[in-house]
Amino acid sequence: MPTAAIRLALRLSPSDKALVTHAAKLQGVPVSVFMRNAVLREAERVIAALQVVPNGSARR
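Keep in mind that this is a model prediction, so the values were computed, not measured.

**Here's the deal with the overall build of the protein chain**
Each helix and strand counted, the protein chain has 2 helices and 0 strands in total. Looking at the protein chain residue by residue over its 60 residues, the buried ones come to 7%. For the protein chain, the accessible surface area stands at approximately 5,600 Å², while carbon and sulfur atoms represent 63% of it.

**Focus: the pattern of salt bridges**
Tallied over the full model, the rule gives 1 salt bridge. The residue Glu42 makes a salt bridge to Arg45 at a minimum N-O spacing of 2.7 Å. Here Arg45 and Glu42 lie together in helix 2 (residues 31–49), a separation of 3 residues that amounts to about one turn. Exposure remark for Arg45: the relative accessible area of 49% places this residue in the partly exposed category.

**Regarding the packing of helix 1 (residues 14–27) against helix 2**
Helix 2 packs onto helix 1 with a crossing angle of 95 degrees between their chain directions and a minimal axis gap of 9 Å. Viewed along their axes, helix 1 and helix 2 adopt a mutual orientation that is roughly perpendicular. Counted together, Val20, Thr21, Ala23, Ala24 and Gln27 of helix 1 and Val31, Phe34 and Met35 of helix 2 form the full contact between these two elements. Looking at the contact of helix 1 with helix 2, its residues break down into 6 nonpolar, 2 polar and no charged.

**Quick look at the environment of Val31**
With respect to the helices, strands and loops of the structure, Val31 is situated in helix 2. The spacing of Val31 and Val20 is 11 residues in sequence and 7.0 Å in space, taken between C-alpha atoms.

**Here we look at helix 1**
If you check helix 1, its first and last C-alpha atoms are 20 Å apart, about what 14 residues at 1.5 Å a residue would give, namely 20 Å. All of the buried residues along helix 1 are Val20, Thr21 and Ala24. Each buried residue of helix 1 sits inside an arc of 100 degrees when the element is viewed along its axis, so together they form one side. Opposite the packed face of helix 1, turned more than 90 degrees from it, sit the exposed residues Ser15, Leu19, Lys25 and Leu26.

What counts, and at which threshold
- Think of each chain on its own: its residues are numbered from 1, step by step along the sequence as written.
- In keeping with the predicted nature of the model, local features appear solely for residues at pLDDT of at least 70, side-chain atom pairs appear and are counted solely at 80 or more, and the whole-chain, interface and lining totals rest on all residues.
- Computation of side-chain values covers all heavy atoms of the structure but excludes hydrogens and water.
- Think of it this way: any DSSP run of H or I at least four residues long counts as a helix, any run of E at least two long counts as a strand, and we number them from the N terminus.
- Burial classes: relative accessible area under 20% of the type maximum marks a residue as buried, over 50% as exposed, and values in between as partly exposed (1.4 Å probe, protein chains only).
- Only the protein chains shown count as covering a residue, and every accessible area follows the Shrake-Rupley method with a 1.4 Å probe.
- For salt bridges, the criterion is a side-chain nitrogen of Lys or Arg within 4 Å of an Asp or Glu carboxyl oxygen.
- Lines fitted to C-alpha atoms define the axes here, with helix axes fitted over just the stretch in contact, and angles between the N-to-C directions of these axes take values from 0 to 180 degrees.
- By the definition adopted for this analysis, an angle is roughly parallel if under 35 degrees, roughly antiparallel if over 145, roughly perpendicular if from 65 to 115, and oblique otherwise.
- Contact criterion: two residues are considered in contact whenever any of their non-hydrogen atoms come within 4.5 Å of each other.
- By the convention adopted, Pro, Cys, Tyr, Trp, Phe, Met, Ile, Leu, Val and Ala count as nonpolar, Lys, Arg, Asp and Glu as charged, and the other residues, Gly among them, as polar.
- Given a helix with a known number of residues, its expected span is that number minus one, times 1.5 Å.
- Directions are taken from the helix axis to each C-beta atom, and the arc is the one they span.

Now the structure itself:
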């Protein structure tokens, strides 16, 4: 059974939208794919940077 996708919306200034669109075109992917990849990459980076280690302190 396929997993349903959830829509996420955000607001960008025209210049930010142009920047994102340009970057997506350079990678040859739709803007939605570019944004999803960027958001997931950043989420993983943040989680890894703040991951709690066994002694209870955050890893930095």
